[in-house]
Amino acid sequence: MSIIINAVILLAILGFLAGTFLAFAEKKFEVKEDLRVIFAENLLPGINCGACGYPGCPGFAKGFVKGEVKADGCLPGKRQGVPEKLNNLAKLSDDELNKIWEEIGEDIEKIKEKF
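Residues numbered from 1 in each chain as written. Predicted model: local features only at pLDDT ≥ 70, side-chain atom pairs only at ≥ 80, totals over all residues. Heavy atoms only, no water.

**Student:** How should the overall build of the protein be read in this particular structure?
**Tutor:** Check the secondary structure of the protein and you find six helices and zero strands. N-terminal to C-terminal, the α/β element order of the protein is α-α-α-α-α-α. What you see for the protein is a C-alpha radius of gyration of 22 Å, clearly larger than the 13 Å of a compact globule of 115 residues, by over 25%. Principal axes of the C-alpha set define a box for the protein whose edges measure 75 × 30 × 25 Å. Across the 115 residues of the protein, 28% fall into the buried class. Within the protein, residue pairs in contact and separated by at least 24 positions form 56% of the contacts whose partners lie at least 6 positions apart. Separation of charge centres in the protein, based on 15 positive and 17 negative side chains, amounts to 4 Å. (Helix = DSSP H or I, 4+ residues; strand = E, 2+ residues; numbered from the N terminus. Rg over C-alpha atoms; globule rule 2.2 N^0.38 Å. Buried < 20%, exposed > 50% of the residue type's maximum accessible area, 1.4 Å probe, protein only. Contact = heavy atoms within 4.5 Å. Lys, Arg positive; Asp, Glu negative; His and termini not counted. Charge placed at Lys NZ, Arg CZ, Asp CG, Glu CD.)

In structure tokens, the structure reads:
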């Protein structure tokens, strides 16, 4: 019976140590996503049609932030005013974007209301 108890205690200790290590590794190696990409992606219509030449709206948003594509490249978004919204986004500084991100409480559904 003591073998079973020792095995359970050993597994509990190993599980705790593994969990602690994973929590540390998550914070240490965290990849921070660019806020401009998040904002641009959520301003797009989200239909992932590929008419812009990118594989979907996330690809177009990354291309826009990198400066590879113009704001009017999203054909379905022209009727919804996406080029104007993207141009407004491009004019904002990083500090202003961080302030907006904190204002909306990191709720991506509220991004369209801000622009």
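**Student:** I keep staring at the side chain of arginine 36 and nothing clicks. Help me out?
**Tutor:** Mapped onto the secondary structure, arginine 36 falls in helix H2 (residues 35–43). Arginine 36 gets classed as buried once you look at its relative accessible area, which sits at 18%.

**Student:** Explanation requested: the nonpolar core in the structure shown.
**Tutor:** What tends to happen in soluble globular proteins is that the nonpolar side chains get buried as a cluster. Counting residues in hydrophobic clusters, the biggest one holds 23 residues, and the most contacted among them are Phe39, Leu44, Leu86, Leu89, Trp101 and Ile111. Broken down by secondary-structure element, the contributors of at least two residues to this core are H2, helix H3 (57–66), helix H4 (82–91) and helix H5 (94–103). Ranked by the residues each element gives to this core, the list is headed by H2, at six residues. When sequence neighbours within four positions are dropped, the list of residues in contact with phenylalanine 39 reads Leu89, Leu97, Ile100, Trp101, Ile111 and Phe115. (Core = buried A, V, L, I, M, F, W, Y, C linked by side-chain atoms within 4.5 Å.)

**Student:** What am I meant to see in a nonpolar patch on the surface here?
**Tutor:** Together, Met1, Ile4, Ile5, Val8, Ile9, Leu10, Leu11, Ile13, Leu14, Phe16 and Leu17 line one region of the surface with nonpolar side chains, adding up to about 1,200 Å² of accessible area. Within the secondary structure, methionine 1 is located in the segment before helix H1 (2–28). (Patch = residues over 30% accessible without salt bridge, like charges linked within 9 Å, V, L, I, M, F, W, Y side chains within 5 Å. Areas by Shrake-Rupley, 256 points an atom, 1.4 Å probe, with all protein chains shown as cover. Salt bridge = Lys/Arg side-chain N within 4 Å of Asp/Glu carboxyl O.)

**Student:** It is not clear to me how the packing of H2 against H5 should be interpreted in this structure. Could you clarify?
**Tutor:** Pairs of packed helices are described in terms of their axes, by the angle between the two and the distance that separates them. Between H2 and H5, the shortest axis-to-axis distance is 10 Å and the interhelical angle comes to 60 degrees. Here H2 and H5 pass one another in a crossing that is left-handed. Between H2 and H5, the residues in contact are Leu35, Arg36, Ile38 and Phe39 and Asp94, Leu97, Asn98, Ile100 and Trp101, respectively. Partitioned by chemical class, the residues of the contact of H2 with H5 number six nonpolar, one polar and two charged. (Axes fitted to C-alpha atoms, helices over the stretch in contact; angles between N-to-C directions. Left-handed = near helix turned anticlockwise from the far one by under 90°. Nonpolar A, V, L, I, M, F, W, Y, C, P; charged D, E, K, R; others polar.)

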